[in-house]
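Each chain is listed here by its residues.
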Amino acid sequence: MSEPPVLETRGIVRDYVSGGGFGARRVVRALKGIDLKVERGKTLAVVGESGCGKSTLARIITMIDPPTGGTLLIEGREVDIARHGVSREMRRKVQIVFQNPYGSLNPRQKIGDVLSEPLKLNTDFSAGDRRDRAMAMLLKVGLRPEHFNRYPHMFSGGQRQRIAIARAVMVHPVLLVLDEPVSALDLSVQAQILNLLQDLQDEFSLTYVFISHDLSVVRHVADDVMVMNKGEAVEYRSRDDIFAAPEHPYTRTLFAATPIIDPARIRARVEAKATRAVAGQ
Amino acid sequence: MSATDDPDLLSASRPAGPAPVSPWLENWRYFAGNRGALIGLVVFLLTVLIAIFAPLIAPHDPAQQFRDALLAPPFWVEGAKPGFLLGTDALGRDILSRLIFGARYSLMIGLVVVTLALVTGIVVGLVAGYFGGWVDALIMRIMDIILAFPSLLLALVLVAIIGPGLFNAMLAIAVVLQPHFARLTRGAVMAEKNREYVMAARVAGAANLRLMFRTILPNCLGPLIVQATLSFSNAILEAAALGFLGMGAQPPTPEWGTMLAEAREFIQSAWWVVTMPGLAILITVLAINLIGDGLRDTLDPKLKRS
């Protein structure tokens with residue numbers, strides 16, 4: 001029998017109830033039945049505009065929030081946090097990296113403690129062991145030993161995101177949910193972080209759910225792509241298929257909205273502007 | 001190029017400036033730039049030293065009565081008796097010595113009351129803010145009820161119920177001050193608990209208690225420290241008020257408020273008996289309030305000049 005997929009969801013639904021009390025109760029359906037399946041070592045990219053339910057999906061997959069309906073299977077095992085809660089073991093399997101590297105690190109925790117906390121909570125390693133492993137991971141994500149005893153505010157956004165990634169990988173999860181991990185970073189740092197993620201994926205055979213609105217990034221990392229709109233998956237196919245021939249009208253709109261970065265064109269525009277300015281004087 | 005094996009690239013992107021200043025040192029520099037706060041700190045430290053070394057500094061025993069020097073005026077007034085710098089009270093006790101020993105009571109009152117109020121307020125506020133829902137509603141309504149009474153009146157009622165005395169007075173004041181801490185903690189916790197680092201800690205496997213006390217609480221301490229400082233002076237003041245009303249420390253305890261009460265009838269004839277304890281309360285409370293204001297400016301990033 002073949003290995004079950006690392007992540008599978010069947011008809012995931014999530015409602016948010018607003019109002020209540022004195023106002024009228026209103027139910028907002030953020031996810032309208034999401035089915036997806038990711039095999040080990042693969043990357044699924046979830047794209048869509050803001051408010052389409054991407055992050056809600058991320059929180060459900062990470063077992064932070066329970067779904068209102070549907071089933072979530074991690075490595076073929078059903079998880080129902082609404083009724084049974086989450087065991088330590090299941091918690092360990094799925095980790096998350098958040099979008100905002102400035103909010104995702106505890107400002108009062110040294111980097112060394114940030115990295116060893118997951119080990120302290122999930123394993124029986126001694127304090128010395130935890131320290132060694134945290135240090136090894138720190139080096140692996142491209143930071144230096146002297147960073148171990150510093151606080152988050154002493155780091156740049158890209159460095160912080162490296163720390164957040166290191167923290168998520170500390171407990172060797174099978175699935176890593178990346179909630180727009182590079183969209184808060186500038187372009188050159190984005191590439192470094194994406195490369196780091198690729199290296200880690202190869203080394204630990206990690207499975208990624210990569211949430212993004214940036215199609216050029218998605219094209220770079222994804223195996224499969226799921227396009228979401230208003231809580232529904234409008235298109236869900238392999239990357240090459242979807243980029244070659246987007247089928248759904250929404251996907252086409254999304255692709256058309258991506259700005260094209262063409263250095264030659266930008267340079268031409270800047271030069272034209274400069275010439276005009278000189279001529280004007 | 002792989003990003004992981006090229007740490008030089010990272011270091012190059014950050015200029016090699018001076019070593020980062022530790023947050024404590026930075027805060028201290030900012031605090032020390034505030035002259036009022038610094039003066040307050042010096043006065044407060046002096047008070048602490050006086051309280052600690054009271055038996056060595058005080059010229060007389062605070063309870064000893066000098067029958068030949070009743071109501072002796074302070075040294076700069078005509079008719080002063082040598083050996084009694086700030087004069088004596090109606091029973092011939094040296095006012096300076098009583099004030100020096102009274103500093104011990106005032107500081108102890110402040111410390112005990114603030115500790116009690118802070119600890120219970122933090123726990124109650126954490127629970128309310130973290131769990132929300134009906135727990136929050138129930139706790140905060142009780143706090144609202146306590147806050148609805150004028151604080152001194154409520155303290156007075158509590159002391160009247162459990163009986164007068166210094167310890168009961170401190171208990172009552174702690175109960176009255178505690179809702180301020182609870183509210184402050186609750187607000188800060190509600191702001192922090194949805195931050196991503198809390199979520200990350202939860203995903204890493206942290207349970208509720210750890211999230212509350214290890215992850216969230218340290219990030220809520222700034223405003224609490226300020227409130228604690230300001231409550232310290234409030235506690236001294238209210239204890240003095242209860243003492244003055246006869247519900248706090250009982251004579252012959254040299255507590256400043258109680259001293260004021262005993263001297264009430266001599267306001268016309270021997271002004272120093274009332275003035276000296278009053279001044280002691282004023283100076284101590286003022287010093288602590290100055291520290292509190294300085295701390296608030298230091299710890300609140302919104303008030304900081306960058």
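Residues numbered from 1 in each chain as written. Chains lettered and ligands numbered in written order. Predicted model: local features only at pLDDT ≥ 70, side-chain atom pairs only at ≥ 80, totals over all residues. Heavy atoms only, no water.

For this particular structure, what's the right way to read the overall build of chain B?
Assigned secondary structure in chain B consists of 13 helices and zero strands. Listing the helices and strands of chain B from first to last along the sequence gives α-α-α-α-α-α-α-α-α-α-α-α-α. Over its C-alpha trace chain B gives a radius of gyration of 25 Å, far above what one expects of a compact globule, namely 19 Å for 306 residues. Dimensions along the principal axes, computed over C-alpha positions, put chain B at roughly 95 × 50 × 30 Å. (Helix = DSSP H or I, 4+ residues; strand = E, 2+ residues; numbered from the N terminus. Rg over C-alpha atoms; globule rule 2.2 N^0.38 Å.)

Which parts of the structure should I look at to understand the interface of chain B and chain A?
Contact with chain B, which involves 27 residues of that partner, is made by 39 residues of chain A. Summing the contributions of chain B and of chain A, the shared interface buries around 2800 Å²; its carbon and sulfur component is 57%. Our count for the chain B to chain A interface comes out at one salt bridge. Here Arg210 of chain B makes a salt bridge to Glu117 of chain A, at a shortest N to O gap of 3.1 Å. (Contact = heavy atoms within 4.5 Å. Buried area = accessible area lost by both parts, 1.4 Å probe. Salt bridge = Lys/Arg side-chain N within 4 Å of Asp/Glu carboxyl O.)

Help me understand the packing of aromatic side chains in this model?
Given two aromatic rings, one states the distance between the centres and the angle between the planes to describe the pair. Following the criterion strictly, the structure yields eight aromatic pairs over all chains and no others. For the pair Trp76 of chain B and Trp271 of chain B, a centre-to-centre distance of 6.5 Å together with 40° between the ring planes defines the contact as tilted. Linking Trp76 of chain B in the loop between α4 (54-57) and α5 (95-131) with Trp271 of chain B in helix α13 (residues 271-299), this pair joins segments that are 195 residues apart in sequence. On the basis of relative accessible area, Trp271 of chain B is assigned to the partly exposed category, the value being 36%. Ring geometry for Tyr130 of chain B and Phe131 of chain B: centres 5.1 Å apart, planes at 85°, overall edge-to-face. Given the relative accessible area of 9%, Tyr130 of chain B is considered buried. Judged by relative accessible area, Phe131 of chain B falls into the partly exposed class, the value being 43%. Here the basic side chain of Arg133 of chain A rests over the ring of Phe125 of chain A, its NZ or CZ set 3.9 Å away from the ring centre. Against the face of Phe244 of chain B rests Arg264 of chain B, its NZ or CZ located 5.1 Å from the ring centre. (Phe/Tyr/Trp six-rings, centres within 6.5 Å; stacked < 30°, edge-to-face > 60°. Buried < 20%, exposed > 50% of the residue type's maximum accessible area, 1.4 Å probe, protein only. Lys NZ or Arg CZ within 6 Å of the ring centre and 35° of its normal.)

What am I meant to see in empty space enclosed by the protein here?
It is a probe the size of a water molecule, rolled over the atoms, that shows where empty space is left. Residue and element names in this part refer to chain A. Taken as a whole and assessed by the stated rule, the structure comprises two cavities of 30 Å³ or more. Here the largest cavity defines a volume of roughly 40 Å³. Lining the largest cavity we find Thr43, Leu194, Leu197, Gln198, Gln201, Tyr208, Phe210 and Val221. For the lining of the largest cavity, the secondary structure elements donating two or more residues are α7 (187-204) and β8 (207-212). (1 Å grid on protein atoms, 1.4 Å probe; cavity = no way out; pocket = protein on both sides within 12 Å on 5 of 7 lines; lining within 4 Å. Points joined across faces, edges and corners; volume = space filled by probe spheres on them.)

Help me out: how do you make sense of the sheet that holds strand β2 (residues 26-38) of chain A in this one?
Consider a sheet: its strands pair through backbone hydrogen bonds, and that pairing is either parallel or antiparallel. Residues and elements named next belong to chain A. The strand order across the open sheet formed by four strands is β2-β1-β4-β5, and the pairing between neighbours is antiparallel. For this open sheet the edge positions go to β2 and β5 (77-79), each flanked by a neighbour on one side alone. The average angle at which neighbouring strand axes cross in this sheet is 35°, direction not considered. Pairing between strand β4 (residues 69-74) and β5: three bridges, direction antiparallel. Its bridge partner being in β5, Leu73 is matched across the sheet by Glu78. Contacting β1 (7-18), β2 and β4, helix α1 (residues 54-61) runs over the sheet at an angle of about 65° to β2. (Pairing = 2+ DSSP bridges. Axes fitted to C-alpha atoms, helices over the stretch in contact; angles between N-to-C directions.)

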